[in-house]
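Commentary on secondary and tertiary structure
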Amino acid sequence: SRLPYALKILLENLLRREDGETVRAEEIEALAGWDPAAEPSREIAFMPGRVLLQDFTGVPAVVDLAAMRDAMKAMGGDANRINPLQPVELVIDHSVQVDEYGSAAALLLNSQKEFERNRERYLFLRWGQKAFRNFRVVPPATGIVHQVNLEYLARVVMAEEQGGARWAYPDTLVGTDSHTTMINGLGVLGWGVGGIEAEAAMLGQPVSMLIPQVVGFRLTGELAEGATATDLVLTVTEMLRKKGVVGKFVEFFGPGLAKLRLADRATIANMAPEYGATCGIFPVDAVALDYLRFTGRPADQVTLAEAYCREQGLFHDAGTPEAEYSDRLELDLGQVEPSLAGPRRPQDRVALGRVKQSFLAELPSLAAARAAQAPARAVGRWEGEGGGVAVATAPAVEVATEVDGVPCTLGDGSVVIAAITSCTNTSNPSVMLAAGLVARKAVARGLKTRPWVKTSLAPGSQVVTEYLRESGLLADLEALRFHVVGYGCTTCIGNSGPLPEPVSRAIAEGQLVAVSVLSGNRNFEGRISAEVRANYLASPPLVVAYALAGRIDLDLTTEPLGTGSDGRPVYLREIWPSQQEIEEALRTSLKDEMFRRKYADVFTGEEDWRTLPVPEGETYAWADDSTYVRRPPYFDGMPRAPEPFEEIRGARVLALLGDSITTDHISPAGSIKKESPAGRYLQERGVAPIDFNSYGSRRGNHEVMVRGTFANVRIRNRMVPDVEGGVTVHAPSGERLSIFDAAERYRAAGTPTVVLAGKEYGTGSSRDWAAKGPYLQGIRAVVAESYERIHRSNLIGMGIVPLQFLEGESAASLGLDGFETISIEGLAAGLAAGFPSGREVEVVAERPSGETVRFRVRVRLDTPKEVDYVRHGGILQYVLRQLLAS
């Protein structure tokens, strides 16, 4: 009764699957006797009940399965054995881009372009839907994967026939998107994994993990007037990042739970990757059951969920005893204040009243790329800490332009993108209706969005449009040019589309620090738009407010948004809706029949999808001229048994990177530059730059993705400190090349490569190409100060060894500059023996002068299964060999 809710679910998973091999009695006993204070050391094998994919990460997963079928057939096996053994659902939500906006035709035109660009990918997915068992696809223009999961796919309790009996067990899952954790808000245990791990789970391999520590987060009170669920999640994210919860579970409890709607809980759970936890889970309670009923789940499913959870001790109510936790935090919901997060990271919360001064303080670093000789001027002045005065300086740049016939002046801090987008907030009716109410009041006062702001509304599901239309608020949002642009993850994933040409030209002319404000969960450098340097996360109503203001360097708590039609200034407080107004809008506009109607035929899709000619055959007919879907080379020449691990000697450093290198830095998902290696590849094959689409949409083509690896325009390689972007120095020639071109030269010479990095390497999305790309570039190991959980697993899944500097050491402290020759001693022997005497090995770095630096690193292969994966050259090779041998 004192075991945390999430661990009870893991315990049930092990008990049900105990077989003496994959799951043994001693593992069950270790989990049942969990020590909250113990450092994780005991491995368990978790088998999720289902797998959730989206199309950016799902397409390469299906590509890999198709390639495994080819390899199985070539080795004399049965290709049809390569099939998902668990239910797999893929939601197409990442392919739509915001090309058109600000008009009633935006949705239609963007949807048409989506189909034109992605026809090859969609044909491939239709083949997969027909060729693979246990595989269903939710077509385009339905919604965002996590919102569709929350509103429709999630079962809470699963039921199936096994051995002639009907079994009920908790709904659990892994997903190929970091924000799979959103479903934790409904009491469903699941988290994001790399596409590589997901493929293994699909093929019946357990997810190998250590019994985690669980941090309890006690909530009390209720949100104050004016505070939103977005403000709450930014506060929670900041608190948990400061606490340090990487690799841990977070479990929310306390009397404040009863004051949080299910959508508010889902908003908090969604952001687990941003606060660094494996998951952030809420228990099943009356609120969860009410949500299941309201969203149209069958009555017998709701009845089963309640009966099962009560019987198993998984149901939470006022009498539930508090669990024991590894650590605890507490938050009074009443202390939450309106906030944003930015300009670079989700955990960098800024109170609304301090956004202006925070931006001005960040401006010199954001503008660092501007010419050093440009004249400096004071651009901001405010009272600093301790009564002092802080002044920010930056080059004095303002650029005059004209947008849609209206003269405009853009400068540092101009908001050029205002996007209501992403699963984080569009799943939450209270903040979406609040945005509509702000729009209504702004329109009534005669305000308009600034002409240079690219506005967009990308609902997480079609139900959102239904209740906005029912309330009449959709018309008010459209009056401010927030028209529906598509149903999918748009701006938050980098599919913001091109800026208006005059705006783009002005930014380039002045090297302006332009700004985006979005209701998403990610604001990493270079992610939203290559032309936007500062990105802020905000609630949907604040997105509307900043579109009206057109600037970030404005204190919205004291300065007006603009001038109304009566000539008087209009302040945010005058158009901000009360909680009573939001509640009334919820009561009158959100209806349960909307969910039933919109999800009644969810797998059918529009005519464009239904009429696609589906390819036939158990194996896929790869097209040699395809620039979207190609057979990857992972299994080429693979022997039936793994060969001994080749020691890493004489390696060169491909990049020396700093802290917080994200998967966006390593493998960007957004636009492809025409002068980049990927852009050149596409142009050589007759693809015009206008038809490049995005890196994310071409993840089924390894040739594009390997060229896009380390190609983010904002990545900074310390080997070339004066350059921003994916550039390195090739040794020993001394030439400056793109990282891809340098990697190709090293590969041709048979020279292995490594990457050196700082803290939190691989934060962000669970992007398998952030590991596949480095693998194809020939990178054998990464040495970092610390890793993000999913990315470390992905590296291992591709056979790349993650090494960690010992506490207190770093590339800088050891004097490494990236021009050393690197050898790693003891790695091959340790892998062969399974590291029986510890997981430290020695690195020898030889400088060009001949001087050597020796230091020890920790091998971050944390479980025996991870050792197996690296010995086999990757998780896919391991699974294929297991199938061939069985």
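Just so it is clear, the structure is predicted and the values come from calculations on it, not from any experiment.

Given a rise of 1.5 Å per residue, 13 residues ought to cover 18 Å, and the 19 Å separating the end C-alpha atoms of helix H1 (residues 5–17) matches this to within 8%. Among the 13 residues of H1, 10 are classified as buried, and the element is accordingly described as predominantly covered.

With that settled, the discussion passes to the confidence of the model for the chain. Scored by pLDDT, the chain has a mean of 92; 97% of the residues are at 70 or more. Of the regions scoring below 50 in pLDDT, residues 372–395 engages in 48 contacts with residues more than four places distant in sequence or in other chains.

This part is about the sheet that holds strand S31 (residues 801–805). An order of S26-S29-S30-S31-S34-S33-S32 is seen for the 7 strands of this closed barrel, with the pairing classed as mixed. Neighbour-to-neighbour, the strand axes of this sheet turn through a mean angle of 40°, independent of strand direction. Note: strand S33 (residues 840–846) against strand S34 (residues 852–859), 7 bridges, orientation antiparallel. Residue Val844 lies in a different strand from S34, and its bridge partner there is Arg854. Across the sheet, helix H26 (residues 739–749) touches strand S26 (651–656) and strand S29 (753–756), and the angle it forms with S26 is around 175°.

This part takes up the nonpolar core. Among the nonpolar cores identified, the biggest contains 293 residues, and Phe252, Tyr275 and Tyr761 are the most heavily contacted of them. If sequence neighbours within four positions are ignored, Tyr761 has contacts with Leu657, Ile661, Ile666, Phe710, Val755, Val782, Ala784, Ser786, Tyr787, Glu788 and His791. Core analysis: the second largest hydrophobic core is formed by 5 residues, Tyr101, Ala106, Ala458 and Val485 among them.

Next up on the list: the pairing of strand S6 (residues 165–170). Note: strand S5 (residues 157–162) against S6, 6 bridges, orientation antiparallel. Its bridge partner being in S6, Gln162 is matched across the sheet by Ala165. As consecutive antiparallel partners, S5 and S6 are separated by 2 residues, and within that stretch Gly163 has a phi angle of approximately 60°, a positive value.

Turning next to the packing of aromatic side chains. On inspection of all chains with the given rule, the structure shows 20 aromatic pairs. By the ring-pair criterion, three or more aromatic residues cluster together here, those being Phe124, Trp127, Phe132, Tyr620 and Trp622. In this arrangement the basic side chain of Arg16 is found over the ring face of Tyr169, its NZ or CZ atom lying 4.0 Å from the centre. Of note, Lys772 hangs over the ring of Trp769, and the distance from its end group to the ring centre comes to 5.4 Å.

This paragraph deals with the sheet that holds strand S8 (residues 189–192). Pairing is parallel across the open sheet formed by 5 strands, whose spatial order is S4-S3-S2-S7-S8. A strand with exactly one partner marks an edge of an open sheet, and here the two such strands are strand S4 (135–138) and S8. Going across the sheet, the axis of each strand differs from the next one's by a mean of 20°, ignoring polarity. Where strand S2 (residues 50–54) lies against strand S3 (residues 88–91), 4 bridges are found, and the strand directions are parallel. Across the sheet, the residue bridging to Leu53 is Leu90, located in S3. Helix H3 (residues 55–74) contacts S2, S3 and S4 of the sheet and is inclined by roughly 115° relative to S2. Strands in contact with helix H4 (residues 106–131) are S3 and S4; relative to S4, the strand with the most contacts, it is inclined by about 145°.

Here the focus is the side chain of Asp768. Its location among the elements puts Asp768 in the loop between S29 and helix H27 (769–777). In this structure Asp768 comes out as buried when scored by relative accessible area, which is 0%.

Moving on, we get to the packing of H1 against helix H2 (residues 25–32). Look at H1 against H2: their axes get within 10 Å of each other, and the N-to-C directions meet at 165°. Looking at the two axes, H1 sits roughly antiparallel to H2. At the point where H1 passes H2, the crossing takes the left-handed sense. For the pair formed by H1 and H2, the contact residues are Leu7, Leu10, Leu11, Leu14 and Leu15 on the first element and Glu27, Ile28, Leu31 and Ala32 on the second. Considering only residue class, the contact of H1 with H2 consists of 8 nonpolar, no polar and 1 charged.

Let's shift gears to the pattern of salt bridges. The tally for this structure, following the rule as stated, stands at 67 salt bridges. Between Arg587 and Glu584 there is a salt bridge, with the nearest N and O atoms lying 2.6 Å from each other. Of this pair, Arg587 and Glu584 both sit in helix H20 (residues 579–589), 3 residues apart, which is roughly one turn of the helix. Of the residues examined, Arg587 reaches a relative accessible area of 60% and is grouped as exposed. For the salt bridge of Arg847 with Glu820, the shortest nitrogen-to-oxygen distance reads 3.6 Å. Taken as a pair, Arg847 in the loop between S33 and S34 and Glu820 in the loop between S31 and strand S32 (821–825) lie far apart in primary sequence, 27 residues in all. Like Glu820, Arg847 is buried.

Reading the values: the criteria
Residues numbered from 1 in each chain as written. Predicted model: local features only at pLDDT ≥ 70, side-chain atom pairs only at ≥ 80, totals over all residues. Heavy atoms only, no water. Helix = DSSP H or I, 4+ residues; strand = E, 2+ residues; numbered from the N terminus. Expected span 1.5 Å × (residues − 1). Buried < 20%, exposed > 50% of the residue type's maximum accessible area, 1.4 Å probe, protein only. pLDDT = per-residue confidence, 0-100. Contact = heavy atoms within 4.5 Å. Pairing = 2+ DSSP bridges. Axes fitted to C-alpha atoms, helices over the stretch in contact; angles between N-to-C directions. Core = buried A, V, L, I, M, F, W, Y, C linked by side-chain atoms within 4.5 Å. Phe/Tyr/Trp six-rings, centres within 6.5 Å; stacked < 30°, edge-to-face > 60°. Lys NZ or Arg CZ within 6 Å of the ring centre and 35° of its normal. Parallel < 35°, antiparallel > 145°, perpendicular 65-115°, else oblique. Left-handed = near helix turned anticlockwise from the far one by under 90°. Nonpolar A, V, L, I, M, F, W, Y, C, P; charged D, E, K, R; others polar. Salt bridge = Lys/Arg side-chain N within 4 Å of Asp/Glu carboxyl O.

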